[in-house]
Amino acid sequence: KGVPLSHGNLMANVDALARQHLAGAQDRVLVPLPLHHAYPMTVGVFGALASGAAIILPEGLSGSEIAEALKLGRATILIGVPRLLDAVAAAILARADAGGRWAARAFRAALGVAHMLGSPARRILFAPLRRRIGPELRMIASGGARLDPATAALLESLGFEVLGGYGLPEAAPILAFSPRGRRGRATAGKPIEGVELRIA
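Residues numbered from 1 in each chain as written. Predicted model: local features only at pLDDT ≥ 70, side-chain atom pairs only at ≥ 80, totals over all residues. Heavy atoms only, no water.

**With respect to the packing of aromatic side chains**
Going by this rule: Two rings from Phe, Tyr or Trp (for Trp, the six-membered ring) form a pair when their centres sit within 6.5 Å of each other. Planes less than 30 degrees apart are called stacked, planes more than 60 degrees apart edge-to-face, and all others tilted. Secondary structure elements follow DSSP: runs of H or I of four or more residues count as helices, runs of E of two or more count as strands, with numbering from the N terminus. Partly exposed residues are those whose accessible area sits between 20% and 50% of the maximum for their type, while under 20% is buried and over 50% is exposed, using a 1.4 Å probe and protein chains only. Working rule: Lys NZ or Arg CZ, within 6 Å of ring centre, within 35 degrees of ring normal, means a charge sits over the ring.
Following the criterion strictly, the structure yields 1 aromatic pair and no others. Ring geometry for F107 versus F126: centroids 5.8 Å apart, planes at 75°, classification edge-to-face. Taken together, the residues F107 in helix α5 (residues 101-114) and F126 in the loop between α6 (119-125) and α7 (127-133) connect sequence positions 19 residues apart. Looking at F107, the relative accessible area reads 13%, which means it is buried. Residue placement shows R105 over the ring face of W102; its charged tip is 5.0 Å from the ring centre. Here R130 stacks its cationic end above the ring of F160, 4.3 Å away from the centre of that ring.

The structure is reproduced here in structure tokens:
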């Protein structure tokens, strides 16, 4: 849907993102989403540029093209939507299952152990898999809809930082954001600076 957004609307979101220090000049942000939507444009383009990060645009939107962009672009941050992240999680589980019953059990046992470990240990435990997905990928942002907690838990167990929130196109689009260091996606986070929310 098309909605009128002012420069002030957009900058309020960009400023709130910048204060979170999610990205810096050393980062490369992969944006595999249509740029005519407020979420990828504000978070993936304006937010990345305001942080000094580079932007990577894949050649196309197929899974193989996104995977290639993750590797060749050495992306450190992925801006995604739940449908994309669910597909990534399903592909990871399918690959584990394709290795046979024992490989699948071992992988799921490793996920259970990883859930109890800190991020550095999880990254080491799943280093070979992480290299296949995106050798330098450290953070995944999800927006556009509610992310399945099971998908978030899987990606976090592999050592990725998963961030999400809630927004509306009319809000340019971020309203609430899940702060860093908080595991689990039971809620959409807290209102960003400058936003007031009321449940009615």
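Don't stop here, the text continues.
**Structural notes on the packing of helix α4 (residues 82-98) against α5**
For clarity, the cut-off: To obtain an axis, a line is fitted to C-alpha atoms, over the contacting stretch when the element is a helix, and the angle between two such axes runs from 0 to 180 degrees between their N-to-C directions. The scheme is simple: roughly parallel for angles under 35 degrees, roughly antiparallel for over 145, roughly perpendicular for 65 to 115, oblique for anything else. A contact between two residues is defined here by any heavy atoms of the two lying within 4.5 Å. Under the scheme applied, nonpolar residues are Ala, Val, Leu, Ile, Met, Phe, Trp, Tyr, Cys and Pro; charged residues are Asp, Glu, Lys and Arg; polar residues are all the others, including Gly.
Packing of α4 against α5 brings their axes to within 6 Å, and their N-to-C directions diverge by 135°. The pairing of α4 with α5 is recorded here as oblique in orientation. Two secondary-structure elements touch here, α4 through I92, L93, A96 and D97 and α5 through A103, A104, F107 and R108. Residues of the contact of α4 with α5, tallied by class, amount to 6 nonpolar, no polar and 2 charged.

**Some points on the side chain of R122**
Our working definition: His residues and chain termini do not enter the charge count, which takes Lys and Arg as positive and Asp and Glu as negative. Salt bridges are identified by distance alone: a Lys or Arg side-chain nitrogen within 4 Å of an Asp or Glu carboxyl oxygen. Pairs of N or O atoms are called polar contacts if they sit within 3.5 Å, as long as, within protein, a hydrogen donor faces a hydrogen acceptor (for residues adjacent in sequence, only side-chain-to-side-chain pairs).
By the element assignment, R122 lies in helix α6. No salt bridge is formed by the buried R122, whose closest oppositely charged neighbour, E156, lies at an N-O distance of 6.4 Å. Here the side chain of R122 touches E156 through a polar contact of 2.7 Å, landing on its backbone oxygen.

**Overview of the nonpolar core**
Keep this limit in mind: Side-chain atoms within 4.5 Å are what join buried Ala, Val, Leu, Ile, Met, Phe, Trp, Tyr and Cys residues into a set we call a nonpolar core.
In terms of nonpolar packing, the biggest core is built from 28 residues, with L30, F107, F126, I133 and L158 touching the most fellow members. Broken down by element, this core gets its largest block of residues, 5 residues, from α4. In terms of nonpolar packing, the next biggest core, distinct from the first, is built from 18 residues, L33, A48, A53 and I192 among them.

**So, unusual backbone geometry**
Here A172 and P173 are connected by a cis peptide whose omega angle stands at -5°. Here P173 is to be found in the loop between β5 (161-167) and β6 (174-177). Although it is not a glycine, H21 sits at a positive phi angle of roughly 55°. With respect to the secondary-structure elements, H21 resides in the loop between α1 (7-18) and β1 (28-30).

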